[in-house]
Amino acid sequence: MNNRRIALVTGAAKGIGRAIVERLIREDYFVVALDINAAGGEELVAAFGGENLSFEAVDVCNESEISALFSKMERLEVLVNNAGIIRDNMIWNMPAEDFDVVININLKGPWLLCKEAAVLMKRQNSGRIVNIASRAWLGNRGQTNYSASKAGVVGMTRALALELGKYNVCVNAVAPGLIDTPLTQNLEPAVLQKLIEAQPTRTMGKPEDVANVVAFLASPETRFITGQTIYVDGGKSIGAGW
Ligand SMILES: NC(=O)c1ccc[n+]([C@@H]2O[C@H](COP(=O)([O-])OP(=O)(O)OC[C@H]3O[C@@H](n4cnc5c(N)ncnc54)[C@H](O)[C@@H]3O)[C@@H](O)[C@H]2O)c1
């Protein structure tokens, strides 16, 4: 690891997280990859090599495991809060447990990691935090739980940017739209087709499209950008249009 910049990426085993890992390694970061999927973690180490990456089988909601992980870290240049889940349903069919689990993983988890990273980055007087929100924070039918969790991520990002600004720590969010990952591959084909047709670009994004923006926000060149939410959504957030 030596003098290389260190980035911690959650939900690293697949989808957008994996693309972020790959991109940051290309930028010469040493990546601490965190995921509950231990098999996926082993595969990451095999793919990218122990000299570029270490894997932590940790649940983002597990406060004691997260503080144990941070107690081993002397510095951290970049935190990427990417782990997230969906449990979609109309509110009248949604069990309260599906609200709790989505809020816990998508919002409380990032908050726990931000809290630990804030202590470390404040002390080192530098850092970047990138939180993966979603365009869905603006509202999506069937996603009262998910939209609320991601709106929380946007709000948390803004508040934390205010708290950490004077310590040279920038905190921003990326709001992806429809991205081709295992998460969206589980959607019914007819639903997916409709969603693609509703995109101004008429295409899905790729995990790399998100990873590119994360790499930009992570870089030292973005010291004057904080508290922002950058959409990577093929224009969907603009609203209705022909
Ligand atoms: N795919 C999309 O279209 C899309 C759109 C907008 C936002 N996002 C957001 O991007 C992020 C990544 O999404 P994705 O599509 O790559 O998802 P994915 O399901 O392909 O991958 C998510 C990863 O997070 C891990 N994970 C889940 N719960 C965890 C936990 N409690 N602790 C640690 N790791 C956990 C999973 O094991 C998995 O490796 C999520 O926050 C998601 O909400 C995705």
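None of the values given here were measured: they were computed from a predicted structure.

Undergrad: I would appreciate a short explanation of unusual backbone geometry in the present structure.
TA: Of all residues except glycine, most have a negative phi; of all peptide bonds, most are trans. You will see that aspartate 28, though not glycine, has its phi angle at about 75 degrees, which is positive. Relative to the helices and strands, aspartate 28 is located in the loop between α1 (15-26) and β2 (30-35). What makes aspartate 28 partly exposed here is its relative accessible area of 46%. Although it is not a glycine, arginine 202 adopts a positive phi angle of roughly 60 degrees. Looking at the element boundaries, arginine 202 is found in the loop between α7 (189-197) and α8 (207-218). You can call arginine 202 partly exposed: its relative accessible area is 48%.

Undergrad: Where do I start with the layout of surface pockets in this structure?
TA: In this approach the atoms are scanned with a rolling probe the size of a water molecule, which exposes any empty space left behind. Taken as a whole, the second largest pocket holds about 270 Å³ of empty space. If you trace the second largest pocket, you find 16 residues lining it, with Ser126, Gly127, Arg128, Asn168 and Pro220 closest to the centre. Elements with a contribution of two residues or more to the lining of the second largest pocket: β5 (127-132) and β6 (169-176).

Undergrad: What should I look at first to understand the environment of glycine 177 in this one?
TA: Topologically, glycine 177 is positioned in the loop between β6 and α6 (182-185). For glycine 177, a relative accessible area of 24% puts it in the partly exposed group. A C-alpha to C-alpha distance of 7.0 Å links glycine 177 and lysine 236, two positions 59 residues apart in sequence. With residues near it in sequence (within four places) discarded, glycine 177 still touches Arg135, Val232 and Asp233.

Undergrad: How should I be thinking about empty space enclosed by the protein in this particular structure?
TA: In the structure shown here, the tally under the stated rule is one cavity of 30 Å³ or more. Reported here for the largest cavity is a volume of approximately 30 Å³. As for the largest cavity, its lining consists of Asn81, Asn82, Ala83, Asn106, Pro110, Ile132, Lys150 and Val153. Looking at the lining of the largest cavity, the elements with two or more residues in it are α4 (96-124) and α5 (144-164). Considered class by class, the residues forming the lining of the largest cavity number four nonpolar, three polar and one charged.

Undergrad: Would you mind showing me how to read the nonpolar core here?
TA: One broad trend across soluble globular proteins is that nonpolar side chains are buried collectively. Of all hydrophobic cores here, the largest spans 33 residues; its most connected members are Leu8, Phe70, Leu76, Leu79, Leu113 and Ile129. For this core, the secondary structure elements donating two or more residues are β1 (6-10), β2, α3 (63-71), α4, α5 and β6. With nine residues, α4 is the single largest residue contributor to this core. With residues up to four places along the chain from it excluded, the contact list for isoleucine 129 reads Leu79, Asn81, Cys114, Ala117, Met121, Leu160, Leu164, Cys170, Val171 and Asn172. Counting residues in hydrophobic clusters, the runner-up holds 30 residues, among them Ile16, Ala19, Val21 and Ile179.

Undergrad: Explanation requested: the pattern of salt bridges in the structure shown.
TA: Where charged atoms from two side chains of opposite charge come close, those side chains can pair. For the structure shown, the criterion picks out five salt bridges. Among the ionic pairs, arginine 23 bridges to glutamate 27, the shortest N-O distance being 2.6 Å. With its nearest N and O atoms 3.6 Å apart, the salt bridge here joins glutamate 56 to lysine 72. With glutamate 56 in strand β3 (residues 53-57) and lysine 72 in the loop between α3 and β4 (78-81), the pair connects residues that are 16 residues apart, well separated along the chain. Assessed through its relative accessible area of 18%, glutamate 56 is described here as buried. In this structure lysine 72 comes out as exposed when scored by relative accessible area, which is 57%.

Definitions and cut-offs
- Residues numbered from 1 in each chain as written.
- Predicted model: local features only at pLDDT ≥ 70, side-chain atom pairs only at ≥ 80, totals over all residues.
- Heavy atoms only, no water.
- Helix = DSSP H or I, 4+ residues; strand = E, 2+ residues; numbered from the N terminus.
- Buried < 20%, exposed > 50% of the residue type's maximum accessible area, 1.4 Å probe, protein only.
- 1 Å grid on protein atoms, 1.4 Å probe; cavity = no way out; pocket = protein on both sides within 12 Å on 5 of 7 lines; lining within 4 Å.
- Points joined across faces, edges and corners; volume = space filled by probe spheres on them.
- Contact = heavy atoms within 4.5 Å.
- Nonpolar A, V, L, I, M, F, W, Y, C, P; charged D, E, K, R; others polar.
- Core = buried A, V, L, I, M, F, W, Y, C linked by side-chain atoms within 4.5 Å.
- Salt bridge = Lys/Arg side-chain N within 4 Å of Asp/Glu carboxyl O.

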